[in-house]
Each structure stands twice: as structure tokens, then as C-alpha cells.
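Residue strings, one per chain:
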Amino acid sequence: MKKTYSDCFYCGGSVEDRLMPRELRWQDELFIIENVPMGVCIQGGEKFLKPEVAKGIDQMLRQKGKPAKTIQVPVYHYQPVS
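Draft legend 1. Structural context of a nonpolar patch on the surface. A cluster of nonpolar side chains, namely Leu30, Ile32, Ile71 and Val73, defines an oily patch on the protein surface of about 350 Å² accessible area. Within the secondary structure, Ile32 sits in strand 2 (residues 29–41).

Okay, structure coming up:
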């Protein structure tokens with residue numbers, strides 16, 4: 001079922017349905033959820049989630065099921081270039 005989105009709230013560009021990864025922090029942990037259905041502005045790249053998708057992600061994180069895979073992520077501290 002193809003989802004429809006309004007034009008981009010920020011720039012008025014067209015928003016199309018895509019499956020993309022979503023990175024988020026929840027309870028001081030970093031999670032990456034792959035294949036999330038979302039609207040993406042083809043002009044500015046802004047991403048939009050439908051409420052049912054956001055609720056599904058919240059439920060997934062609360063249930064703490066076994067992840068499909070685990071990766072290591074390097075962490076850097078920003079230091080201005082002088």
C-alpha cells in the first residue's frame with residue numbers, strides 16, 4: 001500500500017515514500033532501525049514519519065527484542081579547526 005504525504009512543511013517540495021534507516025537515541029542508547037517507511041522531501045531531504053510508524057518504533061524499542069545485527073560505531077569529539 002503506497003502512503004501519501006503532503007508537500008514538505010519546510011520548503012513546499014514534493015514528498016515521496018521511501019524505505020530508509022532511522023537513527024535515534026532512546027534511554028541513552030543509540031539505535032539504528034532499517035527499512036523504515038517514511039516520506040522524504042525530494043527538494044530538501046527532510047524526513048517525515050507517519051504516526052503509526054513512530055508508534056511502531058516506540059513499541060519495538062520498549063519490547064527490547066533481539067536485534068537483526070549489532071555494529072560498532074566510532075565516537076569522536078568535535079574540535080574546531082584553528
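This is not the end of the story, as more comes after the structure.
Draft legend 2. Fine view of the packing of aromatic side chains. Throughout the structure, instances matching the rule amount to 2 aromatic pairs. Summarising the aromatic geometry, the rings of Phe9 and Tyr10 are spaced 5.2 Å apart at their centres and angled 90 degrees between planes, so their arrangement reads as edge-to-face. The residues Phe9 and Tyr10 share a single accessibility class, namely exposed. Here Tyr10 and Phe48 contribute two aromatic rings whose centre-to-centre distance is 6.5 Å and whose plane-to-plane angle is 20 degrees, an arrangement assigned as stacked. Note that Tyr10 is positioned in the segment before strand 1 (15–26) and Phe48 in strand 3 (residues 47–48), a separation of 38 residues in sequence. Through a chain of ring-to-ring contacts, the aromatic side chains of Phe9, Tyr10 and Phe48 assemble into a single cluster. Above the ring of Tyr5, the side-chain terminus of Lys50 is found at 4.6 Å from the ring centroid.

Scoring rules and cut-offs
- Residues numbered from 1 in each chain as written.
- Predicted model: local features only at pLDDT ≥ 70, side-chain atom pairs only at ≥ 80, totals over all residues.
- Heavy atoms only, no water.
- Patch = residues over 30% accessible without salt bridge, like charges linked within 9 Å, V, L, I, M, F, W, Y side chains within 5 Å.
- Areas by Shrake-Rupley, 256 points an atom, 1.4 Å probe, with all protein chains shown as cover.
- Salt bridge = Lys/Arg side-chain N within 4 Å of Asp/Glu carboxyl O.
- Helix = DSSP H or I, 4+ residues; strand = E, 2+ residues; numbered from the N terminus.
- Phe/Tyr/Trp six-rings, centres within 6.5 Å; stacked < 30°, edge-to-face > 60°.
- Buried < 20%, exposed > 50% of the residue type's maximum accessible area, 1.4 Å probe, protein only.
- Lys NZ or Arg CZ within 6 Å of the ring centre and 35° of its normal.

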